[in-house]
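Single-letter residue listing:
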Amino acid sequence: MLRNAWIIPVIPAVSFFLILLFGKRLPRKGSELGVAAVGAAFVLAVVAQVQWFQHVNDAEHDEPTGEHAAQVVGSSGELAGGEAVAATETETRGFTRAGGGVGAVGAEASPQADDEHASIEPVTREWTWFEFGETEAEVGTLIDGPAVMMLIVVTLVSLLVHVYSTDYVAGDRRYTHFFAFLSLFTASMLGLVMSRSTLQLMVCWELVGVCSFVLIGHWWEEKANSDAALKAFITNRVGDIGLIVGVIILFFAAGQSFDILDINTQALNGGISHTALLVASCALIAAVMSKSGQFILHTWLPDAMAGPTPVSALIHAATMVVAGIYMVSRLYGVFWEGLSIGVSSINLLALVGGVTVLGGAGLAFVQNDIKRVLAYSTVSQLGYMVMALGVGAWTAALFHLFTHAFFKACLFLGSGSVSHSVHSFDMREMGGLRKWMPHTYRTFLIATAALIGIFPFAGFWSKDEILAGASQLGGAGNYRVFMVVGIVGALMTAMYMTRCVYLTFFGEFRGHGHPHESGPRIVVPLWILAILGVVAGLANLPSALASGSVELRFEHYYEPVGAYFPSIVPEFAHPEFSWGIAIVSTLIAFIGVGIGIGWYTGRIGLRGITERNELARVGYTTLVNKYYFDHLYTDVIAAGTKGPVARGVNWVNQNVIDGVVDGAGRLATATGRWVYTHVDQQVVDGAVNGSASAAQSGGQVFRQLTSGKVQQYGALLFGAAALFAGAFIVLV
Amino acid sequence: MDDLMLNQFLLLAAILFSIGVYGVIARKNTVMVLMSIELILNAVNINLLTFGAANRDVAGAVFALFVIAVAAAEVGVGLAMVLIIYRNRQSVDLDEVDSMRG
């Protein structure tokens with residue numbers, strides 16, 4: 001399965017076409033195809049998962065001690081045996097550790113150390129896509145830890161979203177279309193996570209963008225929805241330029257290579273100059289900003305809530321926004337060297353993440369739309385991930401991605417369930433729903449606890465690891481400032497999520513009609529996700545709390561070990577579990593919840609503060625206006641560009657282009673007139689008239705011959721025959 | 001058949017052919033023209049038979065038979081046309097039949 005992992009994205013891709021072609025004729029309008037395809041992909045992903053575990057275990061046992069050759073080709077015997085497919089164009093590349101002295105060099109490396117980690121070769125397979133000159137562009141699959149992890153997350157969340165959608169969008173006029181694009185969305189994301197080359201990554205990246213555009217604008221009849229879709233697409237375009245620039249720089253810097261492993265290896269062993277890596281990283285960060293909703297290109301993400309809720313869940317949990325995070329983790333060698341993550345104490349990636357943590361959380365306070373609260377929460381949580389990558393806590397970032405996918409999907413689907421019941425996303429029209437919607441309420445509460453980071457829910461473990469990473473990794477002084485940012489962010493998260501839960505599920509019902517619990521196809525996915533939101537954190541228990549075969553399993557199986565990953569660099573380390581941080585962050589979470597409850601039950605006298613306090617009012621207005629980013633883009637940048645550019649273009653239009661056009665027109669008229677009098681009238685007409693009169697006079701001559709007398713014809717016939725006969729005799 | 005006999009038969013055919021051509025071109029009576037055409041055809045028949053005999057080949061004779069059959073049909077059609085022309089114009093003078101003049 002690892003070598004044939006290409007099947008996994010192909011299944012939903014095929015399903016996309018089948019649904020488009022035949023979906024409407026099927027009894028369930030194509031949804032069964034989508035569910036079946038993603039279900040099959042999920043099963044295969046699980047198989048791949050199990051085989052990956054075996055692969056890692058085997059790699060450890062087979063590994064000879066000490067230093068060894070850098071290339072081990074085709075060593076994965078059990079895989080080849082299991083698959084019985086020996087495609088000639090494939091190979092298994094071994095990226096082994098370049099030298100000894102790896103692992104627990106940093107003082108803060110985890111005590112279990114990396115020594116037991118042998119080099120784990122990624123399972124790759126590639127086909128030539130096209131060639132230009134000497135360079136071959138390849139597509140293929142690159143299966144290693146993070147790819148396998150993402151396969152599971154994407155297929156699982158997508159499967160649950162599919163099941164959920166069969167109820168949620170039932171009766172929609174573009175039901176079939178919706179499922180078709182859900183399939184394509186899943187397929188593109190799966191293709192992205194197993195991209196072999198940067199080129200393939202870029203193609204899948206764009207496909208994901210297109211699918212998000214289509215799905216956000218699913219109800220495009222309303223202008224706001226189609227605007228949101230356009231905004232998402234165009235904002236992503238801005239970042240995509242960064243991606244293209246980054247890929248091109250890396251292509252040339254790495255000696256004309258799109259190969260991700262190759263680029264990473266070269267970046268880490270000094271094959272690419274630091275400047276090139278720095279520029280490429282900065283360009284790629286722009287791509288991350290747009291795709292993963294980081295400040296300052298985050299503005300599309302909350303607007304993307306215009307799409308159907310299952311799409312929001314898919315975008316926010318599994319497919320779209322984590323693409324940016326995943327891209328960074330994929331090209332981590334580039335970022336590591338380019339931004340000197342291991343030795344500095346501040347860098348652009350961490351800064352972007354840190355700003356986003358606080359900025360996103362701040363905006364979540366003033367939203368009344370439940371989905372927008374969750375959207376800003378996602379922005380903030382993605383900030384955590386980017387920040388973690390920025391401080392060098394690679395595993396923590398991916399671990400947070402992993403846990404976040406489950407509880408955020410649960411929250412989104414929960415909000416969808418609520419709106420399904422009260423027909424609104426406005427929290428002012430909710431309230432008291434825990435009585436009517438017990439399942440939704442419980443799952444939402446569990447997911448909220450996970451998001452806030454309360455022990456022992458999933459978010460606690462991953463967020464804690466990020467905070468520990470910020471406080472322990474990096475050069476002199478560490479990334480401590482980001483630890484503070486993370487803790488403040490955790491406080492804010494607790495507060496706004498308390499507000500959200502309180503407004504939705506507590507107090508009196510303020511809406512219309514009678515809310516009711518949703519059906520099983522909505523509730524069951526919610527519960528599955530909620531349970532995962534509880535237990536997913538146990539995947540990476542720190543060694544301080546566990547030992548042996550249960551500690552740090554996530555890190556053990558999913559963190560790549562090899563020349564293409566910074567784990568070969570001495571500075572690369574893992575944060576150690578810290579009781580201090582764990583206790584502080586849990587306390588902070590509880591304080592946040594307490595403040596939130598106090599605020600909204602009126603026990604803390606902050607109610608009406610915006611009326612009393614000038615500063616608070618300014619702050620509130622700023623938040624409501626989303627830090628004026630939309631104004632900046634629309635009024636200042638767009639309008640500012642539009643005005644002068646429009647005037648300039650108008651001038652050019654009037655004077656240059658019109659001049660050229662007019663001149664061309666006049667020239668054409670003059671030429672036409674000359675051609676008319678000289679060529680047309682004299683040459684052409686002369687020829688036509690001449691041929692006509694020639695035909696006429698010829699006809700006058702020949703008409704004498706056609707006398708109508710048979711005998712004359714006969715005479716001519718025999719005369720001619722006699723002439724020919726005479727000529728025949730003379731000549732032969 | 002020796003060369004002398006061959007030449008005599010060919011000469012006969014040529015004479016007949018010439019008479020026929022003269023008749024076709026010069027006679028005004030349509031029936032006479034038709035008869036002249038028969039002369040031409042028979043001149044050709046003599047040629048066919050002569051060369052067939054000279055080469056000891058039966059094909060010449062067979063071809064002559066075909067020509068006789070075709071000639072019979074042609075005379076049938078021709079006489080019918082002459083009859084109709086006569087009924088319409090009370091005449092069989094070919095000079096008067098020139099409605100196809102250009």
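Not measured: the values here are computed from a predicted model. (Residues numbered from 1 in each chain as written. Chains lettered and ligands numbered in written order. Predicted model: local features only at pLDDT ≥ 70, side-chain atom pairs only at ≥ 80, totals over all residues.)

Observations regarding the overall build of chain B
Inference 1: Regarding its fold elements, chain B presents 3 helices and 0 strands.
Inference 2: Counting from the amino terminus, chain B carries its helices and strands in the arrangement α-α-α.
Inference 3: Counting contacts in chain B only where the partners sit at least 6 residues apart, residues at least 24 apart contribute 47% of the total. (Helix = DSSP H or I, 4+ residues; strand = E, 2+ residues; numbered from the N terminus. Contact = placed C-beta atoms within 7 Å.)

Topic: the overall build of chain A
Inference 1: A tally of helices and strands in chain A yields 26 helices and 2 strands.
Inference 2: Considering chain A as a whole, with its 732 residues, one finds that 51% of them fall into the buried category.
Inference 3: In chain A, the share of contacts with a sequence separation of at least 24, taken over all contacts with a separation of at least 6, comes to 79%. (Buried ≥ 20, exposed ≤ 12 C-beta atoms within 10 Å, placed from the backbone.)

Observations concerning the packing of helix 14 (residues 348-364) of chain A against helix 15 (residues 370-391) of chain A
Residues and elements named next belong to chain A.
Inference 1: At a closest axis distance of 7 Å, the pairing of helix 14 and helix 15 adopts a crossing angle of 160°. By the angle between their axes, helix 14 is roughly antiparallel relative to helix 15. Seen from above, helix 14 lies across helix 15 with left-handed handedness.
Inference 2: Its residues assigned to classes, the contact of helix 14 with helix 15 shows 16 nonpolar, 8 polar and no charged. (Axes fitted to C-alpha atoms, helices over the stretch in contact; angles between N-to-C directions. Parallel < 35°, antiparallel > 145°, perpendicular 65-115°, else oblique. Left-handed = near helix turned anticlockwise from the far one by under 90°. Nonpolar A, V, L, I, M, F, W, Y, C, P; charged D, E, K, R; others polar.)

Structural notes on the interface of chain A and chain B
Inference 1: Across the boundary between the two partners, chain A contributes 10 residues, which contact 10 residues of chain B.
Inference 2: It is helix 26 (residues 710-731) of chain A that provides the largest number of residues to the side of chain A that touches chain B, a total of 5 residues.
Inference 3: Residues that form the side of chain A that touches chain B fall into these classes: 3 nonpolar, 5 polar and 2 charged.

A word on the environment of B:Ala53
Inference 1: For B:Ala53, the position within the fold is in helix 2 (residues 30-54).
Inference 2: Residue class for B:Ala53 comes out partly exposed when judged on the 16 C-beta atoms lying within 10 Å of it.

Considering the packing of helix 14 of chain A against helix 19 (residues 480-505) of chain A
All names here are of chain A.
Inference 1: Taken N-terminus to C-terminus, the directions of helix 14 and helix 19 make an angle of 20°; their axes are 9 Å apart at the nearest point. The angle between the axes of helix 14 and helix 19 places the two elements in the roughly parallel class. Relative to helix 19, helix 14 is oriented so that their crossing is left-handed. Counting all contacts with helix 14, which are made through Ala350, Gly354, Val357, Leu358, Ala361, Gly362 and Ala364, the residues of helix 19 involved are Phe482, Val485, Gly486, Val488, Gly489, Met492, Thr493 and Tyr496.
Inference 2: Looking at the contact of helix 14 with helix 19 residue by residue, the class counts come to 10 nonpolar, 5 polar and no charged.

Quick word on the nonpolar core
All names here are of chain A.
Inference 1: Grouped together as the largest cluster of nonpolar side chains are 217 residues, with contacts concentrated most on Val157 and Ala409.
Inference 2: Counting residues per element, this core draws most heavily on helix 16 (residues 394-422), at 17 residues.
Inference 3: Filtering out sequence-adjacent residues up to four positions away, Val157 remains in contact with Leu314, Ala317, Ala318, Ala405 and Ala409. (Core = buried A, V, L, I, M, F, W, Y, C linked by C-beta atoms within 7 Å.)

Overview of helix 20 (residues 520-535) of chain A
Residues and elements named next belong to chain A.
Inference 1: In this model helix 20 runs 22 Å from its N-terminal to its C-terminal C-alpha over 16 residues, within 8% of the 22 Å that 1.5 Å per residue would give.
Inference 2: Among all positions in helix 20, only Ile522, Val523, Pro525, Leu526, Leu529, Ala530, Leu532 and Gly533 are buried.
Inference 3: Of the surrounding secondary structure, the elements contacted by the buried residues of helix 20 are helix 4 (145-168), helix 16, helix 17 (438-452) and helix 18 (458-472). (Expected span 1.5 Å × (residues − 1).)

Here we look at helix 12 (residues 322-330) of chain A
Inference 1: Counting buried residues in helix 12 of chain A gives 9 out of 9 residues, a clear majority hidden from the surface.
Inference 2: For helix 12 of chain A, the set of buried residues is A:Val322, A:Ala323, A:Gly324, A:Ile325, A:Tyr326, A:Met327, A:Val328, A:Ser329 and A:Arg330.

Quick look at the environment of A:Met387
Inference 1: If you trace the backbone, A:Met387 turns up in helix 15.
Inference 2: The sequence separation of A:Met387 and A:Ala397 amounts to 10 residues, and the corresponding C-alpha distance is 8.0 Å.

Some details on unusual backbone geometry
All names here are of chain B.
Inference 1: Its identity is not glycine, yet Arg56 carries a phi of approximately 50°, on the positive side.
Inference 2: Position of Arg56 among the secondary structure elements: in the loop between helix 2 and helix 3 (59-89).
Inference 3: In this structure Arg56 comes out as exposed when scored by C-beta crowding, with 8 C-beta atoms within 10 Å.
Inference 4: Although it is not a glycine, Gln90 sits at a positive phi angle of roughly 55°.
Inference 5: Judged by the 7 C-beta atoms lying within 10 Å of it, Gln90 falls in the exposed class.

Some remarks on the confidence of the model for chain B
Inference 1: Predicted confidence across chain B gives a mean pLDDT of 89, with 96% of residues reaching 70 or more.
Inference 2: This complex was scored by the predictor with a pTM of 0.67 and an ipTM of 0.81. (pLDDT = per-residue confidence, 0-100.)

Some remarks on the confidence of the model for chain A
Inference 1: Summary statistics for chain A give a mean pLDDT of 78 and a share of 84% for residues scoring 70 or more.
Inference 2: Predicted confidence is poor over residues 64-117 of chain A, with pLDDT under 50, and the contacts of this stretch with residues over four places away or in other chains come to 96 contacts.

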